[in-house]
Amino acid sequence: MLIKKPTDIKSSEITDEKLYRNRRQFMLTASAAVAGAVITACKKSPPPNVATAPPQKLEGVVKSSFTVDEPLNSLKDITTYNNFYEFGTDKSDPAANAHTLVTRPWTVAVEGEVMKPKTFDIDELMKLAPLEERVYRFRCVEAWSMVIPWIGFPLNELIKRVEPTSKAKYVQFTTLLDRNQMPEQRFGTLEWPYVEGLRLDEAMHPLAILAVGLYGQVLPNQNGAPIRLIVPWKYGFKSIKSIVKIKFVESQPMTTWNLMAADEYGFYANVNPEVSHPRWSQASERRLPSLFKSTKTLMFNGYADQVASLYSGIDLRKNY
Ligand SMILES: Nc1nc2c(c(=O)[nH]1)N[C@H]1C(S)=C(S)[C@@H](COP(=O)(O)O)O[C@H]1N2
Ligand SMILES: [Mo]
């Protein structure tokens, strides 16, 4: 009789973005074992006794026409089912642990191939452009999705302010690196800090926003406070959280998931029902809180009319 070794377990049996087929896994086995033990131990301890601050309402938000007319997910769904590996790899971990993130003071350094590099204070950024409410479909590569009323402003508003040079072809985003505030950064779960990137024309697209809130209030920590990217036609992992640096560069920058498992996560990560991830079909999705994959996934997550032209002449099977 064959006994399954852990390495024989089909990756499709695993239900989230955690990494099992990674070359780095071999190098990290020891530290992962330690991390696993600590995570288990933490789960047994009582939940932290945190005084929950009342949600801060955002004033002067205008409704945008870039909005889908679909039933919204509840605030509870959006704030308790999260991927934010800096606070743990279970969907419930960020809600339990992200209270250690300190979001004021906070700065975002905008640098690289720009005429006017500048470090923005978060409160200055919040006033850079009128705050808009936009209801977007949000789809994770794990094949679940939500409909979320984000509050933010177009990323292109910030890009125009800093005046990219002719050498700026891509934009790289970096999350905060602070193992005291982000406990999982003590372990080799991912390579820290989390980084993501867009082509400059993608970043300039009016659908790409920097979000600072949702449901009328300041962004909850677990959703990437105080400022995170939202690119609604791409898989969730492109939407990097708790950004501290935005850098304009000449060549395609490294992205965290591509670095961890290049055969699973490409640079583009456009939602595409025709190109399956090795572990999850992308043809349909589970619209939370449903338990079933009964919603058909749309090309570019339903934003094809607006964004398909960005990819004309590109083979989306190769450039996944
Ligand atoms: N810094 C950072 N950003 C991140 C992640 C992360 O682990 N760390 N997870 C990504 C993934 S896989 C998804 S699906 C979305 C989840 O966003 P949400 O929790 O607001 O729904 O955040 C993305 N941004
Ligand atoms: Mo994701």
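Calculation notes
- Residues numbered from 1 in each chain as written.
- Chains lettered and ligands numbered in written order.
- Predicted model: local features only at pLDDT ≥ 70, side-chain atom pairs only at ≥ 80, totals over all residues.
- Heavy atoms only, no water.
- Helix = DSSP H or I, 4+ residues; strand = E, 2+ residues; numbered from the N terminus.
- Buried < 20%, exposed > 50% of the residue type's maximum accessible area, 1.4 Å probe, protein only.
- Contact = heavy atoms within 4.5 Å.
- Areas by Shrake-Rupley, 256 points an atom, 1.4 Å probe, with all protein chains shown as cover.
- Near = heavy atom within 4 Å.
- Polar contact = N/O pair within 3.5 Å; in protein donor to acceptor, adjacent residues only side chain to side chain.
- 1 Å grid on protein atoms, 1.4 Å probe; cavity = no way out; pocket = protein on both sides within 12 Å on 5 of 7 lines; lining within 4 Å.
- Sits in = over half its atoms within 2 Å of the grid points.
- Nonpolar A, V, L, I, M, F, W, Y, C, P; charged D, E, K, R; others polar.
- Arc of directions from axis to C-beta.
- Pairing = 2+ DSSP bridges.
- Axes fitted to C-alpha atoms, helices over the stretch in contact; angles between N-to-C directions.
- Points joined across faces, edges and corners; volume = space filled by probe spheres on them.

Description of the overall build of the chain
Here comes step 1: For the chain, the count of helices and strands is eight helices and 13 strands.
Here comes step 2: Out of the 320 residues in the chain, the part that is buried amounts to 52%.
Here comes step 3: When contacts within the chain are restricted to residue pairs at least 6 apart in sequence, those whose partners lie at least 24 apart make up 73%.
Here comes step 4: Of the roughly 15,400 Å² of accessible surface on the chain, a fraction of 57% belongs to carbon and sulfur atoms.

Description of the site of ligand 1
Here comes step 1: With respect to spatial proximity, 18 residues lie near ligand 1, and among them Asn82, Tyr85, Glu86, Ser239 and Lys241 are the closest.
Here comes step 2: The separation between an oxygen atom of ligand 1 and a polar side-chain atom of Asn82 is 2.7 Å.
Here comes step 3: The side chain of Lys241 places a nitrogen or oxygen atom 2.7 Å from an oxygen atom of ligand 1.
Here comes step 4: Within the complex, the protein chains bury 100% of what would otherwise be the 530 Å² of accessible surface of ligand 1.
Here comes step 5: Because more than half of its atoms lie within 2 Å of the grid, ligand 1 is assigned to the largest cavity.
Here comes step 6: When grouped by side-chain class, the residues that make up the shell around ligand 1 number eight nonpolar, six polar and four charged.

Looking at helix α5 (residues 155–162)
Here comes step 1: Along α5, the residues classified as buried are Leu155, Asn156, Leu158, Ile159 and Val162. For α5, the angular spread of buried residues about the axis comes to 155°, placing them on one side.

A closer look at the environment of Ala95
Here comes step 1: Structurally, Ala95 can be placed in helix α3 (residues 93–97).
Here comes step 2: Counting along the chain gives 13 residues from Ala95 to Asn82, while the straight-line C-alpha distance between them is 7.6 Å.
Here comes step 3: Not counting residues within four places of it along the chain, the set of residues in contact with Ala95 comprises Thr79, Thr80 and Gln222.

Regarding the sheet that holds strand β7 (residues 195–199)
For sheets, the rule is that strands pair by backbone hydrogen bonds, running either parallel or antiparallel.
Here comes step 1: Sheet architecture is open: five strands sit in the order β3-β2-β11-β6-β7, paired in mixed fashion. Two strands lie at the open edges of the sheet, namely β3 (118–121) and β7, each paired on one side alone. The mean inter-strand angle of the sheet, taken between neighbouring strand axes irrespective of direction, is 15°.
Here comes step 2: Where strand β2 (residues 107–112) meets β3, four bridges bridge the pair, whose relative direction is antiparallel. Within β3, the residue paired with Ala109 across the bridge is Thr119.
Here comes step 3: Lying over the sheet, α5 contacts β2, β3, β6 (170–175), β7 and β11 (243–249), oriented at roughly 60° with respect to β11.

Some remarks on the pairing of β6
Looking along a regular strand, one sees the side chains alternate between the two faces of the sheet.
Here comes step 1: Buried residues dominate β6, accounting for six of its six residues.
Here comes step 2: Alternating positions in β6 separate into two faces, Tyr170, Gln172 and Thr174 on one and Val171, Phe173 and Thr175 on the other, with burial throughout.
Here comes step 3: Note that β6 and β7 share five bridges and pair antiparallel. Residue Gln172 lies in a different strand from β7, and its bridge partner there is Gly197.

Considering the environment of Glu132
Here comes step 1: Mapped onto the secondary structure, Glu132 falls in strand β4 (residues 132–139).
Here comes step 2: For Glu132, a relative accessible area of 17% translates into the label buried.
Here comes step 3: Sequence separation of Glu132 and Ile209 is 77 residues, and the distance between their C-alpha atoms is 9.7 Å.
Here comes step 4: A distance of 3.4 Å separates the side chain of Glu132 from the side chain of Ser64, its partner in a polar contact.

Focus on empty space enclosed by the protein
Here comes step 1: Taken as a whole and judged by the stated rule, the model has one cavity of 30 Å³ or more.
Here comes step 2: Here the largest cavity defines a volume of roughly 300 Å³.
Here comes step 3: Taken together, 24 residues form the lining of the largest cavity, with Asn83, Phe84, Arg228, Gly236 and Lys241 sitting closest to its centre.
Here comes step 4: Residues belonging to the lining of the largest cavity are distributed by class as follows: 14 nonpolar, six polar and four charged.

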